[in-house]
Amino acid sequence: MDREIWVLVRKTVKRVCRGFEFYGRQPTFSHQQIMLMYLWSVWQGACLNWACDKSHYGDLFRPRQLPSISQFRRRVAEEVFQSLLLKVHLALAGVGFSSPVKYLDGKPQLVSPVSKDPDARNGHISGGYGKGYKLHAMISENRRIVIWSVMPLNVAEQSVALEMAAFLEPTPMGLLLADSNYDSAPLHKCLAVSDHRLLTPLKAQQRVKGGEHHPVTLRQMGSQRREALEVWKEHKDLARYVMKARNNAEGVFSVLSMALNGGSPPPWVRRLGRVRRWVGTMIILYNARVSVQEKLAANEIGSPHMN
């Protein structure tokens, strides 16, 4: 399947570069080649220096000429490169796919506890504390990571979700499923702008005396969160059943970590900008992988069976 994934990625990069307007003189090495070299190195779990060695290419991808290490590093850090990566992500994320239900979750991207990375921060992880960053992702029903952000580990999930919500396209009766960390009145209100509702396990309900909120508290939290309270009060079993679909987010992160070696940034990827670029590339490769899997599955279903 690796060949099919790379063919799809290469076609997408080529299409994006052809449709992108460049200003100024044309560089010696095309934007397309620089992008493919970077994607190839990340896919192989290698550093930028590795990508500038001809012996590290094979039948799937073999550039005729390679830039020097300094050229390659400089080109990868340019703003135009980041813009092209974003367009490739959008092309493979299935943004046009109408997905009324999305999943919101975060995945720590840990570094060594003694790392000197000045952008990495200490924060809560499952079972204790860690140091590093966190990938915040909105995942569609067809398992694509459509909107994402990487921030230091100590940044609150609700704060990042508020920023990500601004990029949601209006969807009639859209629903976002998340864990209790995302249960906040401001996020409920923000999602309502794009006609989305947020469903999470209710946070800190044990502090509510008698199980009933004060009238002032109910008024201040907004109508969207009041709706969520009503759902959990009147349709608790249904809410629990719907929340089970959020496990799909864990499956997505599992594939991202295992099949694509996308657990945490390798030792040579440090500082926030580089970590974002590396994680974004892993997401591009992940979305391409899902597209290929769907195509292969469709071909198997459509092919006649021999007796």
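Parameters and conventions
Residues numbered from 1 in each chain as written. Predicted model: local features only at pLDDT ≥ 70, side-chain atom pairs only at ≥ 80, totals over all residues. Heavy atoms only, no water. Helix = DSSP H or I, 4+ residues; strand = E, 2+ residues; numbered from the N terminus. Buried < 20%, exposed > 50% of the residue type's maximum accessible area, 1.4 Å probe, protein only. Phe/Tyr/Trp six-rings, centres within 6.5 Å; stacked < 30°, edge-to-face > 60°. Pairing = 2+ DSSP bridges. Right-handed = clockwise from strand over helix to strand, strands pointing away. Expected span 1.5 Å × (residues − 1). Arc of directions from axis to C-beta. Axes fitted to C-alpha atoms, helices over the stretch in contact; angles between N-to-C directions. Parallel < 35°, antiparallel > 145°, perpendicular 65-115°, else oblique. Contact = heavy atoms within 4.5 Å. Nonpolar A, V, L, I, M, F, W, Y, C, P; charged D, E, K, R; others polar. Salt bridge = Lys/Arg side-chain N within 4 Å of Asp/Glu carboxyl O.

Draft legend 1. Focus on unusual backbone geometry. Although it is not a glycine, Arg 143 adopts a positive phi angle of roughly 70 degrees. Within the secondary structure, Arg 143 sits in the loop between strand E3 (128-140) and strand E4 (145-152). With a relative accessible area of 35%, Arg 143 lands in the partly exposed category.

Draft legend 2. Region of interest: the packing of aromatic side chains. This structure, assessed with the given rule, holds nine aromatic pairs. A network of ring pairs unites the aromatic residues Trp 6, Trp 40, Trp 43, Trp 50, Tyr 57 and Phe 61 as a single cluster.

Draft legend 3. Region of interest: the pairing of strand E6 (residues 196-199). Note that strand E5 (residues 174-177) and E6 share four bridges and pair parallel. Note that in E6 the partner of Leu 175 across the bridge is Arg 197. A crossover connection joins E5 to the parallel E6 through helix H7 (residues 185-192); in handedness this β-α-β unit is right-handed.

Draft legend 4. Looking closely at helix H11 (residues 247-258). For H11, with 12 residues, the first-to-last C-alpha span of 17 Å sits near the 16 Å given by 1.5 Å per residue. Listed in full, the buried residues belonging to H11 are Ala 249, Val 252, Phe 253, Leu 256 and Ser 257. Relative to the axis of H11, the buried residues are bounded by an arc of 130 degrees and lie together on one face. Of the exposed residues in H11, the ones pointing more than 90 degrees away from its buried face are Asn 247 and Met 258.

Draft legend 5. Expanded view of the pairing of E4. Of all eight residues in E4, six are buried, a share of seventy percent or more. Relative to E4, E3 runs antiparallel, the two being bridged by seven bridges. Across the sheet, the residue bridging to Lys 134 is Met 151, located in E4. Linkage of E3 to E4, two consecutive antiparallel strands, is achieved through a turn of four residues, within which Arg 143 is found at a positive phi near 70 degrees.

Draft legend 6. Molecular detail of the packing of helix H9 (residues 223-234) against helix H10 (residues 236-243). As a packed pair, H9 and H10 sit with axes 5 Å apart at the nearest point and diverge in direction by 110 degrees. The orientation of H9 with respect to H10, classified from their angle, is roughly perpendicular. Listed contacts from H10 to Val 231, Trp 232 and Glu 234 of H9 are Lys 236, Ala 239, Arg 240 and Met 243. The residue makeup of the contact of H9 with H10, split by class, is four nonpolar, no polar and three charged.

Draft legend 7. Representation of the pattern of salt bridges within the structure. One pass over the full model with this rule turns up seven salt bridges. Salt-bridge contacts for Asp 183 lead to Arg 225; the nearest nitrogen and oxygen are separated by 2.7 Å. Of this pair, Asp 183 sits in the loop between E5 and H7 while Arg 225 sits in helix H9, placing them 42 residues apart in sequence. There is no split in this pair, since Asp 183 and Arg 225 are both buried. One salt bridge connects Arg 197 with Glu 227, and the closest N-O pair in it is separated by 3.0 Å.

Draft legend 8. The environment of Val 290, seen in detail. Its place among the elements puts Val 290 in helix H12 (residues 272-302). With 135 residues separating them in the primary sequence, Val 290 and Val 155 have C-alpha atoms 29 Å apart. Residues contacting Val 290, with those up to four places away along its chain left out, are Asn 142, Arg 143 and Arg 144.

Draft legend 9. Layout of H9. In this model H9 runs 16 Å from its N-terminal to its C-terminal C-alpha over 12 residues, within 8% of the 16 Å that 1.5 Å per residue would give. Considered for burial, the residues of H9 that qualify are Gln 224, Arg 225, Ala 228, Leu 229 and Trp 232. Buried residues of H9, viewed axially, fall in a sector of 145 degrees; they line one side.

Draft legend 10. Quick look at the side chain of Arg 75. For Arg 75, the location among the structural elements is in helix H4 (residues 69-76). With residues near it in sequence (within four places) discarded, Arg 75 still touches Pro 27, Phe 29, Ser 30, His 31, Ile 34 and Phe 81.

Geometric values such as these leave the question of function open.
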